[in-house]
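Chain and residue survey
Single-letter residue listing:
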Amino acid sequence: MEYNLADLFESVVDVVPDREALAYLDIPGTGAERRLTYAELDAAANRIGHHLLDSGVRAGEHVGLHLYNGVEYVQTLLGCLKARIVPVNVNYRYVEEELVYLYRDADLVGLVFDGEFTDRVAAALPHTERLRQLVRVGEAEAEAEASGLSAVDFADAEASGSPERGFPARSADDQFIIYTGGTTGMPKGVMWRHEDLFFSGLGGGAPTGEPVKRPEELAERVAAGGAGITFFPTPPLMHGTSTLTSLIGFNFGQRVVLHRKFVPEEVLRTVQREKVNAMSLVGDAMLRPLIDALEGPMKGTDMSSVFSVSSSGAIMSDTVSRQFRALVPNAMLLNNFGSSESGFNGTATEDSGPERGFRVRVNSRTQVVDPASHEPVAVGEVGRVAQCGHVPLGYYNDPRKTAETFFEKDGERWVLLGDMATVDEEGVVTVLGRGSQCINTGGEKVYPEEVEQALKAHPDVYDALVAGVPDVKWGHHVAAVVQLRAGAVRMSLDDLQTHCRARLAGYKVPRQLVITESIRRSPSGKADYRWAQKVAAVAAAPADG
């Protein structure tokens, strides 16, 4: 047995076959509720894996998962892994042009998609060369029925496949591709070996403890332990964090709960009903609506079962975290730092916040290095976060970007992340922000995340993004795009600047304020900085005439 994700999952199934593995709890009234034991989920995944192989998809080829959360997503993911087919996540918000890019860039030969996206898939399909096997989950919407798209119904695909295993031997070298969100550019496919992803993204079977030393040890630990922990990844599974959270839950032999979409009130009802223990989300974009619901229509919800709420991909700000702790004092809030290219790097310290910055205690494989020499920077100097050991193979179909991001040093493979940071005498890393989003204003560097933390500390600010706008005098100036709280008095730039000057150096204080009805983020809660920069630039442009 090797560190192959499908082999590891099957080893867990074999020791706890009758334990509940997955609960899909959609919004009440739809009748969409399914519960599967480990044995049932295993058989369901086998069926889809065999169907894909029987339909001509070969081991090593790529199949896209263009789906909302649901049993079908997990079933297809595991089925691909079992059949040695490479699963590829597809952002369900993408429109035709973006889908054409991703389908082609990822060399998809198969696609499992939600019926709601039939018209988009039909529009993109003629522009792809390799995509040939389509499986549709659910019915197409009325307006998409005339698309003429030929696809196998998921239920038929499932019925045609064998429920038995019977797959060829697998390898730790089998691949798993995670496409990044593309909020700062076109999406990129990060290629992971199963073994590397197991240790970097899944904590080696024990994210908060000692990683396993043998593949067989994972099931041995599950057999020696007990049931009782319920994991609830609330973001979309097409966001890598949610998929990895689900796999971590399965590695523990515990239960994973899913909703089709993030609806705050329904999330809280499920937490109470299912006695959820560990929730994952993406920053303030998901935590704030939960707070609003707990303070409003869901006041009194029993949250006593929750012992951890973790975020990755975006920061839970200090202000919002304090509000949540006041409502759910028993829950530990964890700001995890990681990426699609590195897996997990570390967790923010208790004193992390607007005053001291986003401070992270990183693992032993993470350093802050000079991007040119790849040598560790001195205390207090700015460098880029890098990680060694179990790192990806590179970016799919992008050798240039792979060469820029991955390197070898002292016989080890490293990945150089885009995050700028400093390190102190104790080895604590202060993450400044993505270098690609750094704003150069009057020769000074400003990282949007730091300013956003300060903005969110204002009682009238519900959400905010910060971008740089071209400026004749300063090169670029700092612009704040702000969504106010409901009922808040419309603030002025002077008000916001007065608030920020108590928390930020003068050159970091926004010189422009744009009030917007809502902040645009990805379905997983990640910031859309291209949108923010465009909104701010349009607002700053002189009126015609």
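Quick caveat, the model's predicted, so the values are computed rather than measured.

1. Some points on the overall build of the chain
- Along the backbone of the chain there are 16 helices and 27 strands.
- Taken over the C-alpha trace, the chain has a radius of gyration of 23 Å; the compact-globule value for 545 residues is 24 Å, and the two agree within 12%.
- Counting only C-alpha atoms, the chain reaches 65 × 55 × 50 Å along its principal axes.
- Across the 545 residues in the chain, those meeting the buried criterion constitute 58%.
- Distance from the positive charge centre (54 side chains) to the negative charge centre (74 side chains) of the chain: 3 Å.

2. Structural notes on the side chain of Asn 69
- Position of Asn 69 among the secondary structure elements: in the loop between β3 (62–66) and α3 (71–82).
- For Asn 69, the residues in contact, after removing those within four places along its chain, are Tyr 24, Pro 235, Pro 236, Leu 237, Leu 258, His 259 and Arg 260.

3. Quick look at the pairing of strand β11 (residues 255–258)
- Here β11 shows two buried faces, one formed by Arg 255 and Val 257 and the other by Val 256 and Leu 258.
- Sheet analysis places strand β1 (residues 20–25) next to β11, joined by three bridges and oriented parallel. Considered in β11, the bridge of Leu 22 is made with Val 256.
- Pairing analysis gives two bridges linking strand β10 (residues 230–233) to β11, with the strands arranged parallel. Looking across to β11, one finds that Phe 231 is bridged to Val 256.
- Crossover handedness for the path β10 to helix α9 (residues 240–251) to β11: right-handed.

4. Points about unusual backbone geometry
- Phi at Arg 84 takes a positive value of approximately 65 degrees, unusual for a residue other than glycine.
- Its location among the elements puts Arg 84 in the loop between α3 and β4 (86–89).
- A relative accessible area of 28% means that Arg 84 is categorised as partly exposed.
- Positive phi, normally seen in glycine, also occurs at Asp 107, with a value near 55 degrees.
- Among the secondary structure elements, Asp 107 is positioned in the loop between α4 (96–105) and β5 (108–114).

5. Quick notes on the sheet that holds strand β25 (residues 461–471)
- Taken together, the three strands give an open sheet; going across it, the order is β25-β26-β27, and neighbouring strands pair in mixed fashion. Two strands close off the open sheet at either side, each with one partner strand: β25 and β27 (512–515). Between one strand axis and the next, the sheet turns by 25 degrees as a mean value, whatever way the strands run.
- Pairing between β25 and strand β26 (residues 475–484): 10 bridges, direction antiparallel. In the sheet register, Val 461 faces β26, and the bridge partner there is Leu 484.
- Strand contacts of helix α16 (residues 529–540): β25, β26 and β27, with the helix running at about 65 degrees to β25, the strand carrying the most contacts.

6. Overview of empty space enclosed by the protein
- For the structure shown, the criterion picks out four cavities of 30 Å³ or more.
- Its boundaries defined by the atoms lining it, the second largest cavity holds a volume of some 80 Å³.
- If you trace the second largest cavity, you find it lined by Leu 65, Tyr 73, Leu 77, Pro 87, Val 88, Asn 89, Phe 176, Ile 177, Ile 178, Leu 237, Gly 240 and Thr 243.
- When grouped by side-chain class, the residues that make up the lining of the second largest cavity number nine nonpolar, three polar and no charged.

7. Some thoughts on a negative patch on the surface
- Residues Asp 370, Glu 375, Glu 381, Asp 410 and Glu 412 make up a contiguous surface patch of negative charge.
- Tracing the sequence through the fold places Asp 370 in the loop between β17 (366–369) and β18 (383–388).
- Taking relative accessible area as the criterion, Asp 370 reaches 31% and is therefore assigned partly exposed.

8. Focus: helix α10 (residues 264–274)
- All of the buried residues along α10 are Pro 264, Glu 266, Val 267, Leu 268, Thr 270, Val 271 and Glu 274.
- On the buried face of α10, the contacting elements are β1, β2 (33–37), β10, β11, β12 (278–281) and α11 (283–295).
- Where α10 terminates, the next one or two residues include Lys 275, which has phi positive at roughly 55 degrees.

9. Here we look at the pattern of salt bridges
- Using the criterion set out here, one finds 41 salt bridges in the structure.
- With a closest N to O distance of 2.9 Å, Arg 58 and Glu 61 form a salt bridge.
- According to the relative accessible area criterion, Arg 58 is exposed, its value standing at 53%.
- Since its relative accessible area comes to 8%, Glu 61 is described here as buried.
- For Glu 195, the salt bridge is made with Arg 193, and the minimal N-O distance between the two is 3.4 Å.

10. Points about the packing of helix α1 (residues 5–15) against α3
- Remark: α1 packs on α3, axes separated minimally by 8 Å, with the N-to-C direction vectors making an angle of 115 degrees. As the angle between them shows, α1 and α3 are arranged roughly perpendicular. Viewed along their axes, α1 and α3 form a crossing whose handedness is left-handed. Where α1 abuts α3, its residues Leu 5, Ala 6, Phe 9 and Glu 10 lie against Leu 78, Leu 81 and Lys 82.

11. Quick word on the nonpolar core
- Counting residues in each nonpolar core, the largest one holds 100 residues, and the members touching the most others are Leu 41, Tyr 103, Leu 111, Phe 176, Phe 198 and Phe 250.
- Considering each element in turn, this core owes the most residues, seven residues, to α3.
- Among residues more than four places away in sequence, those in contact with Phe 250 are Phe 9, Val 12, Ala 21, Tyr 38, Leu 41, Val 74 and Val 256.

About the thresholds
- All chains use their own residue numbering, which begins from 1 and follows the written sequence.
- In keeping with the predicted nature of the model, local features appear solely for residues at pLDDT of at least 70, side-chain atom pairs appear and are counted solely at 80 or more, and the whole-chain, interface and lining totals rest on all residues.
- Side-chain descriptors were evaluated using all non-hydrogen atoms of the structure, hydrogens and water having been removed beforehand.
- Helix and strand assignments follow DSSP, with helices taken as H or I runs no shorter than four residues and strands as E runs no shorter than two, numbered in order from the N terminus.
- Only the C-alpha atoms count toward the radius of gyration. The rule for a globule is 2.2 Å times the residue count to the power 0.38.
- A 1.4 Å probe rolled over the protein chains alone gives each residue an accessible area, and that area as a share of the maximum for its type sets the label: buried under 20%, exposed over 50%, partly exposed in between.
- Charge counting follows a simple rule: Lys and Arg are positive, Asp and Glu are negative, and His as well as the terminal groups are ignored.
- Charge positions are represented by NZ for Lys, CZ for Arg, CG for Asp and CD for Glu.
- Here, residues are in contact when the closest pair of their heavy atoms is within 4.5 Å.
- Pairs of strands are assigned from DSSP output, requiring at least two bridges between the strands.
- Every crossover in which the path from the first strand over the helix to the second runs clockwise, viewed with the strands pointing away from the viewer, is termed right-handed.
- Axes here refer to lines fitted to C-alpha atoms; in helices the fit is confined to the stretch in contact. Angles between the N-to-C directions go from 0 to 180 degrees.
- Site definitions follow a grid-based scheme: protein atoms alone, a 1 Å grid, a 1.4 Å probe that fits but cannot get out for cavities, and for pockets an open set with protein on both sides within 12 Å along at least five of seven lines, plus lining residues having an atom within 4 Å of a point.
- Grid points are joined across faces, edges and corners, and a volume is the space filled by probe spheres set on the points.
- Any residue that is not Ala, Val, Leu, Ile, Met, Phe, Trp, Tyr, Cys, Pro, Asp, Glu, Lys or Arg is counted as polar, Gly included; the first ten are nonpolar and the last four charged.
- Every patch collects residues that have over 30% relative accessible area and no salt bridge, joining them within 9 Å if they carry like charges and within 5 Å if they are nonpolar side chains (Val, Leu, Ile, Met, Phe, Trp, Tyr).
- Accessible surface area values rest on a Shrake-Rupley calculation with a 1.4 Å probe, where residue burial reflects the displayed protein chains alone.
- By convention in these notes, a salt bridge is any Lys or Arg side-chain nitrogen within 4 Å of a carboxyl oxygen on Asp or Glu.
- To sort the angles, those under 35 degrees are grouped as roughly parallel, those over 145 as roughly antiparallel, those from 65 to 115 as roughly perpendicular, and the leftovers as oblique.
- Put simply, a crossing is left-handed when the front helix is turned counterclockwise from the back one by less than a right angle, and right-handed when it is turned clockwise.
- In this text, buried Ala, Val, Leu, Ile, Met, Phe, Trp, Tyr and Cys residues form a nonpolar core when linked through side-chain atoms within 4.5 Å.

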